[in-house]
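Close look at the chain arrangement
Listed below, chain by chain, are the residues.
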Amino acid sequence: MVAGTRIRELRLNHGYRQSDLADRVGCSTQVISNIERSVTGVSADMALKIANEFHVPVEDIMQEPSVKSVCLTQEEFQLLSDYRKLLSMNIPQ
């Protein structure tokens with residue numbers, strides 16, 4: 001799946017219009033349209049902004065995922081972030 005197709009899929013799954021996503025990531029609606037139609041590629045910076053907006057790894061946008069990704073709510077994303085922080089603390093069991 002190309003980046004534009006994946007971005008469009010994520011956008012539609014979140015109920016965003018192209019203009020909604022553009023506003024959230026700080027670009028024009030035309031930029032989002034061009035990316036989704038593969039008229040232009042997606043820059044690493046833009047891919048990161050879009051990935052952060054949808055709480056998915058940037059690799060999920062930049063390359064074909066090997067496993068179908070799950071879109072997280074803001075609360076789920078925060079829980080996962082907190083869990084990863086706890087894991088990194090190496091607390092003995």
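Chains are numbered independently. Their residues run from 1 in the order of the written sequence. Two thresholds apply to this predicted model, a pLDDT of at least 70 for residue-level local features and 80 or more for giving and counting side-chain atom pairs, whereas whole-chain, interface and lining totals are computed over all residues. Excluding hydrogens and water, the side-chain values take into account all heavy atoms of the structure.

1. Things to note about the pattern of salt bridges
Think of a salt bridge as a Lys or Arg side-chain nitrogen and an Asp or Glu carboxyl oxygen that are within 4 Å of each other. Tallying each qualifying case throughout the model produces 6 salt bridges. Salt-bridge contacts for lysine 49 lead to aspartate 45; the nearest nitrogen and oxygen are separated by 3.6 Å. With lysine 49 and aspartate 45 both in helix 4 (residues 44-54) and 4 residues apart, this pair spans about one turn of that helix. Relative accessibility under 20% of the residue-type maximum defines a buried residue, over 50% an exposed one, and the middle range a partly exposed one, all with a 1.4 Å probe and only protein chains included. Take lysine 49: its relative accessible area is 36%, and that puts it in the partly exposed class. Comment: elements are numbered from the N terminus, with helices defined as DSSP H or I runs of at least four residues and strands as E runs of at least two.

2. Focus: helix 4
Buried within helix 4 we find Met46, Ala47, Ile50, Ala51, Glu53 and Phe54. All buried residues of helix 4 fall inside an arc of 160° around its axis, so they share one side. By the convention used here, residues are in contact when the closest approach between their heavy atoms is within 4.5 Å. Buried residues along helix 4 sit in contact with helix 1 (3-13), helix 2 (18-25), helix 3 (29-36) and helix 5 (59-62). Histidine 55 occupies a position one or two residues after helix 4 and carries a positive phi of about 55°. This arc corresponds to the set of directions leading from the helix axis out to the C-beta atoms.

3. Side note on helix 1
One full turn of an α-helix is made of 3.6 residues, so residues set three or four places apart face in the same direction. Taken together, the buried positions of helix 1 are Ala3, Gly4, Arg6, Ile7, Leu10 and Arg11. For helix 1, the arc enclosing every buried residue in end-on projection is 160°, short of the 170-degree limit, so these residues lie on one face. Elements in contact with the buried residues of helix 1: helix 2, helix 3, helix 4 and helix 5. After helix 1 finishes, the residue glycine 15 shows a positive phi value of roughly 75°.

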